[in-house]
Amino acid sequence: MTPPRLQPLLHDLVGLVHAPTSALGDAAGQVRPSGVQGVFHADARVLSRAELRVDDREPEALARGPVGPHAARFAGLARWLGDPGPDPTVRVDRVRRLAPAGLAEEIHLVSTAATGVRATVSVDLGCDLAPIELVKSGDAADPLAARADGPGRLAWSGGDTTVTVTGEGATVDATGDRATAPRLSWPVELPPGGAVTLRWRLAVDDPRAVVTAPPAAPTWARPEVTADDRRLVRLLDRSLDDLHALRLAEPAHPGDVFLAAGVPWFLTLFGRDSLWAARMLLPLGTELAAGTLRVLARRQGTRVDPATGEAPGKILHELRRHEFAAGAGLRLPPAYYGTVDATMLWVALLHDAWRWGLPAEQVQPLLPHLEAALAWLGEHADADGDGLVEYVDTTGHGLANQGWKDSGDAVRFRDGRQAQAPIVLAEVQGYAYEAAVAGAALLDAFDRPGGDRWRAHAARLAERFRATFWVDGPHGPQPALALDRDKRPVDSLTSNIGHLLGTGLLTADESAQVARLLTTEALAGGFGLRTMSTGDAGFSPLSYHCGSIWTHDTAIVLAGLARAGYRAAALGLADGLLAAAEAFDHRLPELYGGDDRGLLGRPVPYPAACRPQAWSAASAVLLLQAGVGLYPDVPAGRVRLAPLAGPGLGALAARNLRVAGDRVDVTVTAAGEATVDRLPSALTATPVPAPRPAAEVGVSGSAG
């Protein structure tokens, strides 16, 4: 019996990225021909092997660490060389630096031996040009034969892609059995106390890639942060480096920058992920938001096409160079629109960017796209006309679930049964309400008709939600995760309800009850917010969407709690994220296990999680914003200050934030007193007193 193909594990690999190129190897720096290891460019693996040997022996791994946003150093030992005795005298370091279309690697041999050292250093290479979906499905591709292409130079070709490797001063062996495993080698002689540096580089020519690197450095600000809780500073520094490395653009529009979703599977444009990440980065400037909005507006749907999920006004889900066929019957077209929430999130980002100071001359060209997005909400998002937004995959080979929890088993009843489509997700109704109200505000502000229509639309949606979603749960009244095809509430307790905070869909009492539910041990007993409560039959701490903890999910809910004044609840989630960040070397993954915090004292990795990932890295900025409590409304001329920092989190200062394009500095004392400096003169800051303890969480009676 043939064993099933399994998605390769990622958790113990070292990832580097300079989008659209990424590299994954082991802790020693080796890139081995197995699993997901390799160097990827856009949607193809351009190098499947890069194994370093000294005298045909692998150096022993010693340590590793990042070197800026695109590079890492791997330290090793060659203990069989040099002086006898317990102390190693020959060290072998690799410094790997990624570029947008390749990489460069230096191999440093350093000897402290009293006698000379002679050795042969080699790098065994391989290239299979495997498409990313083949790698993701656990399948393998045969290595391609290399050709010698000049002194120290190798080349591989497939389709329109050409891959070259050049070793400075190296000898090339690509004959016989070495054709598919070519070798670069260097003879080395070190005098006593000597050192040598060897170099090789990879270059990729890929004219069919649908994404490219932007031509310039990041336009967003890099804040200077000081904090009593140093975990936040370390997390923010690493996250900003990763966000720098994840920037992408389209070849025809290199100036409009967006963030790739994540390494390795999603290093391309993803509507939902790119929108959320840009929204989280608004405290650093509006340029990324503007680029993301424009990129997605150019690909906004114009026709009804069930094969791609396209509809007029709808925002794209993901973009690939070819069909993405990752097994289990999943086949997604190159431009795929199978997302229920990206269109509303596009509207929300436009509105929030405007409030952070996106200039009117950049908002106005997007207003026809706003009107088209609202038209989709009114004409296509509610197929059965019941006043709620639902989704269903009609093709049989698209995404069965089209919210952010898009795995096939993500929507489950409390008893573990899977809900049947069409599905009406709770948080999507919140996004729809927010989009309708935010869209109305923009239409009013720019003297365009329709504002009253969309406010009325939002009011009807809220009434319908209140009548159908609230159920009795083990911790009192709760919003259901969803409604199924028969409009039955899917009664599991999940993190989705936290996304309703701040959308305007809930009343004050309902928000208080949701905040209380989010602090229960069943949801908040891990290093962050579990996607499903431990009391639900479908719960598993390593389920992708039914019990794991997602970084961005926790951060979004934490920010909603903080903004609404539920300080203790927000602080609990913040501490969970910061503790997890320490365990993951300050690079928070896409998701991790939802085990109790006391089980191992550290989070359990989810073995196939992407890292780095855009909305996970951007969560550090959202946590910083919640910490300083900076909430601007530039068109209204005011800034609200409601910091989470202070008691429980400590003092926090962030210099070089951006409001309306100007630098802003915010300082919060250990007592929670906030001040803002350099605020544009047209804006007035209003500090908000900390809530009384009695107002933290919880209401009694029914919230329905």
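Refer to the structure above for everything that follows.
In what follows, the accompanying structure is described. (Residues numbered from 1 in each chain as written. Predicted model: local features only at pLDDT ≥ 70, side-chain atom pairs only at ≥ 80, totals over all residues. Heavy atoms only, no water.)

Attention now goes to the overall build of the chain. Looking only at helices and strands, the chain has 14 helices and 36 strands in total. Taken over the C-alpha trace, the chain has a radius of gyration of 26 Å; the compact-globule value for 704 residues is 27 Å, and the two agree within 12%. In terms of overall dimensions, the chain has a C-alpha envelope of 80 × 55 × 55 Å along the principal axes. Considering the chain as a whole, with its 704 residues, one finds that 60% of them fall into the buried category. (Helix = DSSP H or I, 4+ residues; strand = E, 2+ residues; numbered from the N terminus. Rg over C-alpha atoms; globule rule 2.2 N^0.38 Å. Buried < 20%, exposed > 50% of the residue type's maximum accessible area, 1.4 Å probe, protein only.)

Attention shifts here to empty space enclosed by the protein. Evaluated as defined, the whole model comprises three cavities of 30 Å³ or more. Considered as a void within the structure, the largest cavity measures approximately 100 Å³ in volume. Lining the largest cavity are 15 residues, with Ala28, Pro59, Gly76, Val92 and Arg94 positioned closest to its centre. Mapped onto the lining of the largest cavity, the elements with two or more residues apiece are strand S6 (60-66), strand S7 (71-77) and strand S8 (90-99). Among the elements that take part in the lining of the largest cavity, S6 stands out by supplying four residues, more than any other. (1 Å grid on protein atoms, 1.4 Å probe; cavity = no way out; pocket = protein on both sides within 12 Å on 5 of 7 lines; lining within 4 Å. Points joined across faces, edges and corners; volume = space filled by probe spheres on them.)

Moving on, we get to the sheet that holds strand S14 (residues 171-173). An order of S5-S10-S15-S14 is seen for the four strands of this open sheet, with the pairing classed as antiparallel. Both edges of this open sheet fall to strand S5 (49-54) and S14, since each of them pairs with a single strand only. Across the sheet, the mean angle separating the axes of adjacent strands is 20 degrees when strand polarity is ignored. One ladder, built from eight bridges, connects strand S10 (residues 117-126) with strand S15 (residues 183-190); its direction is antiparallel. (Pairing = 2+ DSSP bridges. Axes fitted to C-alpha atoms, helices over the stretch in contact; angles between N-to-C directions.)

Attention now goes to the side chain of Ser407. Position of Ser407 among the secondary structure elements: in the loop between helix H7 (367-379) and strand S24 (424-425). With a relative accessible area of 14%, Ser407 lands in the buried category. Residue contacts for Ser407: discarding those within four places in its chain leaves Asn401, Tyr544 and His545. (Contact = heavy atoms within 4.5 Å.)

This paragraph deals with the environment of Gly301. Within the secondary structure layout, Gly301 lies in the loop between helix H4 (287-298) and strand S20 (318-319). Among the residues examined, Gly301 registers a relative accessible area of 7% and is labelled buried. The spatial distance from the C-alpha of Gly301 to the C-alpha of His244 is 29 Å, given a sequence separation of 57 residues. For Gly301, the residues in contact, after removing those within four places along its chain, are Glu310, Ala311, Pro312, Gly313, Lys314 and Tyr337.

Our next topic: helix H9 (residues 451-468). Under the 1.5 Å per step criterion, the end-to-end length of H9 is 26 Å for 18 residues, consistent within 8% with the ideal 26 Å. Taken together, the buried residues of H9 touch H7, helix H8 (426-445), strand S25 (470-473), strand S26 (476-479), strand S27 (482-483) and strand S28 (489-490). (Expected span 1.5 Å × (residues − 1).)

Both the distance between ring centres and the angle between the ring planes are used here to describe each pair of aromatic rings. This model, assessed by the stated rule, comprises nine aromatic pairs. Ring geometry for Trp404 versus Trp615: centroids 6.4 Å apart, planes at 90 degrees, classification edge-to-face. Of this pair, Trp404 sits in the loop between H7 and S24 while Trp615 is found in helix H14 (residues 614-628), placing the two residues 211 residues apart along the sequence. Residue Trp615 is classed as buried on the basis of its relative accessible area, which comes to 2%. When the centroid spacing of 5.0 Å and the interplanar angle of 70 degrees are considered together, the rings of Tyr544 and Trp550 count as edge-to-face. By relative accessible area, which is 23% here, Tyr544 ends up partly exposed. (Phe/Tyr/Trp six-rings, centres within 6.5 Å; stacked < 30°, edge-to-face > 60°.)

Another aspect to go through is the nonpolar core. Grouped together as the largest cluster of nonpolar side chains are 167 residues, with contacts concentrated most on Leu281, Trp346, Val411, Leu561 and Leu630. No other element matches H14, which puts eleven residues into this core. If we ignore the near neighbours within four places in the chain, the residues touching Leu281 are Trp220, Leu243, Leu259, Leu288, Ala618 and Val621. Val54, Val90, Leu103 and Leu198 belong to the second largest nonpolar core, which has 43 residues in total. (Core = buried A, V, L, I, M, F, W, Y, C linked by side-chain atoms within 4.5 Å.)

These results come straight from atomic positions and should not be treated as a statement about function.
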